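# Inside the fold
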Protein chains: 2
Amino acid sequence: MSIESGKGLLLRADPIATAFRDEVKQSLTQAARRPRLVGILATSSAPSKFYAEFTKKQCEDLGVEFILKKTGAADTGDLGEGEGVEEAIIEANEDENVDGIMVYYPIFGPQQDHYLQQVVSPYKDVEGLHFKFHYNLYHNIRFIQPQSLLSSGVPAAALGAIEGEEPPSGTVKSIIPCTPLAIVKCLEHVGVYNKILPYGDRAYGRTITVINRSEVVGRPLAALLANDGARVFSVDIDSVQEYTKRPRTSQSEPARRYHPRHVVHPSNATLQECLALSDVVVSAVPTASYKVKTEWLKDGCVCLNVAANKNFEKDVRDKASLYIPAVGKVTILMLLRNLLRLQQYRIR
Amino acid sequence: MSIESGKGLLLRADPIATAFRDEVKQSLTQAARRPRLVGILATSSAPSKFYAEFTKKQCEDLGVEFILKKTGAADTGDLGEGEGVEEAIIEANEDENVDGIMVYYPIFGPQQDHYLQQVVSPYKDVEGLHFKFHYNLYHNIRFIQPQSLLSSGVPAAALGAIEGEEPPSGTVKSIIPCTPLAIVKCLEHVGVYNKILPYGDRAYGRTITVINRSEVVGRPLAALLANDGARVFSVDIDSVQEYTKRPRTSQSEPARRYHPRHVVHPSNATLQECLALSDVVVSAVPTASYKVKTEWLKDGCVCLNVAANKNFEKDVRDKASLYIPAVGKVTILMLLRNLLRLQQYRIR
């Protein structure tokens, strides 16, 4: 079909989600008990309410217990936006029967929301938004001692050595933020990750542009991809950065050694120049009017939209070989996978 | 003078700083060793460079060792803004001889800077920007077990009980972010805090407007003042909130109990209405053009500017009984006080 029409393939997230749904179902049969996820809805935001309903339905379909806790403007009382949300998190942290906590952001804005993300116990942080998990991600620390979730400070780098996909004895996998992880899984599914290459370097050879550098999506995604070997252009409203773990040979100073994790360099490239080089373009700009120009795309590239309002033009498949318009259905499964892992780390 | 001219008093921070300078000098004579503060400058920003010079001079005057570590665009190499800053923090964290770490923000913007603030070990966080200290502040937890700085998760609320100004046995004072603390100290100095009232409630009876609700200045300041008994209007660009630990009697529901810490309610008041009620106005809006209208001020109020570009009009003292144009000289002493405390918590 795609060849006949001359257009790239439109790929929905459903078939990608299916494999993970089966994995989650399988893990559920082995769980210590039926996991309980608490969703905290603290605003009157329609998308948050919609997402809460979506979480509930997904959980019920799979046999995960979902309890929606409404507070603030989501509650029936006369509370303001976000009122009571911190107390609701603390209560769920302290409740032994709660295995995971999901908070429907945005609530107060990036700064105060970031504070709330630290209030959630790392043991119940199914979204993977706690500083500890971000630190591990940025430092390419893939395996952790579960008890390290109880200590402050940064983990020993030695645990970060990648020797294979499975955690060395006494360690478990760190938790990766849901949305960036879902994107990586989609890119794996469509062959951007090359399974012939060794684990931890399977995106080697790919050039990827990530548009948006928030701490929730863009920066962790750029880091994950670069840690996996890709050359990543991280494009934000006011700068372009290059994330790579390989030495830059074009530099005047002697070639740097191969890095065990990505390093970040400033770049003078424009978005247009980045796109001309990019095999993959991921866009996550939360602005309805923002669109990536189709004419700037490299012919045959893979495009993936993460924004609620589509960041690609209608004719994106005139250039893209593959276009994935949304990843939400994979994201929720990553969240449930995190839930099952965290339950295991905490209860075992 | 102020009565003759009909104008309010202009009060520089110098006399307020003097008392704390003496306290820091005194503490230095009792320190285990000469404390070492590492300043990390990672950008080419002129104000950051200026502030680094200022820190250096203040440290040298007092006999604190100050080491300026330049990285990123502050360094001589061809590095970009902020490059290497995380590595510099980790190195200082791990260096036993370093007692405190100060990072010159802004570097990447609020979100990524917030990430960096969590990388600094709480044991060396002289600025008090780590989540742990913010959590304690928001929850009015004034005393902590020093070893709790090593554990993740949130501290036991029981330690938060206020029974006096001095920490109960086995506990030490939590660290309070420098800038909000400096503002509180200025307000204590000018009599906004009433020493006849019991410790922990000395701002009772005062109505205070805080303009700005960032996680670095406005929100912690509003929380500190409300925890100390004040009624605080927290004004941000898109909303007004009321911070108070006292029940709201105007509410239709039965009067709520007195809270051990502040609670936050949404407010329909406008800035003009808040100012008309306010005994104290603190403004910290980082926009050169932003000015608080003098005509809106309550006659005889106390005004305090925290912004680099003054947020009050030139005629502010036509209405204000007292105007403090800057607090930087007090802030640096709060930072050094935190340095001495943290050295003691870590080494003892």
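Residues numbered from 1 in each chain as written. Chains lettered and ligands numbered in written order. Predicted model: local features only at pLDDT ≥ 70, side-chain atom pairs only at ≥ 80, totals over all residues. Heavy atoms only, no water.

### Thoughts on the pairing of strand β4 (residues 100-103) of chain B
Residue and element names in this part refer to chain B. Of the two faces of β4, both are covered, the one formed by Gly100 and Met102 as well as the one formed by Ile101 and Val103. One ladder, built from four bridges, connects strand β2 (residues 36-41) with β4; its direction is parallel. Across the sheet, Leu37 pairs through a bridge with Gly100, a residue of β4. (Buried < 20%, exposed > 50% of the residue type's maximum accessible area, 1.4 Å probe, protein only. Helix = DSSP H or I, 4+ residues; strand = E, 2+ residues; numbered from the N terminus. Pairing = 2+ DSSP bridges.)

### Let's talk about the domain arrangement of chain A
Residue and element names in this part refer to chain A. Parsing chain A into structural domains produces domain 1 (17-175 + 330-347) and domain 2 (179-327). Taking only C-alpha atoms into account, the centre of domain 1 sits 26 Å from that of domain 2. Listed by partner, the interface residues are 15 residues for domain 1 and 20 residues for domain 2. Both faces combined, the contact of domain 1 with domain 2 buries some 1700 Å², and carbon together with sulfur accounts for 58% of it. In terms of surface lost to domain 2, no three residues of domain 1 exceed Leu137, Tyr138 and Arg142, which account for 36% of the buried area on that side. Joining domain 1 to domain 2, the criterion identifies one salt bridge. (Domains from an automatic or database assignment. Contact = heavy atoms within 4.5 Å. Buried area = accessible area lost by both parts, 1.4 Å probe. Salt bridge = Lys/Arg side-chain N within 4 Å of Asp/Glu carboxyl O.)

### Quick word on the pattern of salt bridges
Counted by the stated rule, this structure contains 31 salt bridges over all chains. In this structure, the salt-bridge partner of Lys7(B) is Asp318(B), at a minimum N-O distance of 3.0 Å. On the criterion of sequence distance, the pair formed by Lys7(B) in the loop between α1 (2-5) and β1 (9-10) and Asp318(B) in the loop between β12 (302-305) and β13 (322-324) is long-range, its members being 311 residues apart. For Asp318(B), a relative accessible area of 43% translates into the label partly exposed. For the salt bridge of Arg36(B) with Glu65(B), the shortest nitrogen-to-oxygen distance reads 3.1 Å. Here Glu65(B) lies in strand β3 (residues 65-70) and Arg36(B) lies in strand β2, a separation of 29 residues in the sequence. Classification of Glu65(B) by relative accessible area gives partly exposed; the value is 22%. Linked by salt bridges that have partners in common, Arg33(A), Glu96(A), Asp99(A) and Arg346(A) make up one network.

### Comments concerning the packing of helix α4 (residues 85-94) of chain A against helix α5 (residues 110-119) of chain A
Residue and element names in this part refer to chain A. With their axes 10 Å apart at the nearest point, α4 and α5 run at an angle of 15° to one another. When the interaxial angle is binned, α4 and α5 end up roughly parallel. Note that α4 runs across α5; the crossing there is right-handed. Listed contacts from α5 to Val85, Glu86, Ile89, Ile90 and Asn93 of α4 are Tyr115, Leu116 and Val119. (Axes fitted to C-alpha atoms, helices over the stretch in contact; angles between N-to-C directions. Parallel < 35°, antiparallel > 145°, perpendicular 65-115°, else oblique. Left-handed = near helix turned anticlockwise from the far one by under 90°.)

### Quick notes on the relation of the copies chain A and chain B
The transformation that overlays chain A on chain B combines an axial shift of 0.0 Å with a rotation of 180°, and the residual RMSD is 0.0 Å. Seen this way, the second copy is the image of the first under a two-fold rotation axis. A share of 100% of the interface residues of chain A reappears at the interface of chain B, consistent with the copies meeting face to face through the same patch. (Least-squares fit on C-alpha atoms with pLDDT ≥ 70 in both.)

### Some thoughts on the environment of Phe312(B)
All names here are of chain B. Here Phe312 shows up in the loop between β12 and β13. Looking at Phe312, the relative accessible area reads 4%, which means it is buried. Separated by 209 residues in sequence, Phe312 and Val103 have C-alpha atoms that sit 28 Å apart. The contacts of Phe312, once residues within four sequence positions are left out, are Val281, Ser283, Lys291, Val292, Cys303, Leu304, Asn305 and Tyr323.

### Re the sheet that holds strand β11 (residues 280-283) of chain B
Pairing between sheet strands relies on hydrogen bonds along the backbone, with the strands arranged either parallel or antiparallel. Read across the sheet, eight strands follow the order β1-β13-β12-β11-β7-β8-β9-β10 (chain B) without closing on themselves; strand pairing throughout is mixed. At either end of the open sheet lies a strand with only one pairing partner, and these are β1 and β10 (263-267) of chain B.

### Some thoughts on the packing of α5(A) against helix α5 (residues 110-119) of chain B
Look at α5(A) against α5(B): their axes get within 10 Å of each other, and the N-to-C directions meet at 30°. Looking at the two axes, α5(A) sits roughly parallel to α5(B). By crossing handedness, the relation of α5(A) to α5(B) is classed as right-handed. Across the interface between the two elements, Pro110(A), Gln111(A), His114(A) and Tyr115(A) of α5(A) pack against Pro110(B), Gln111(B), His114(B) and Tyr115(B) of α5(B). A breakdown of the residues in the contact of α5(A) with α5(B) according to their chemical character gives four nonpolar, four polar and no charged. (Nonpolar A, V, L, I, M, F, W, Y, C, P; charged D, E, K, R; others polar.)

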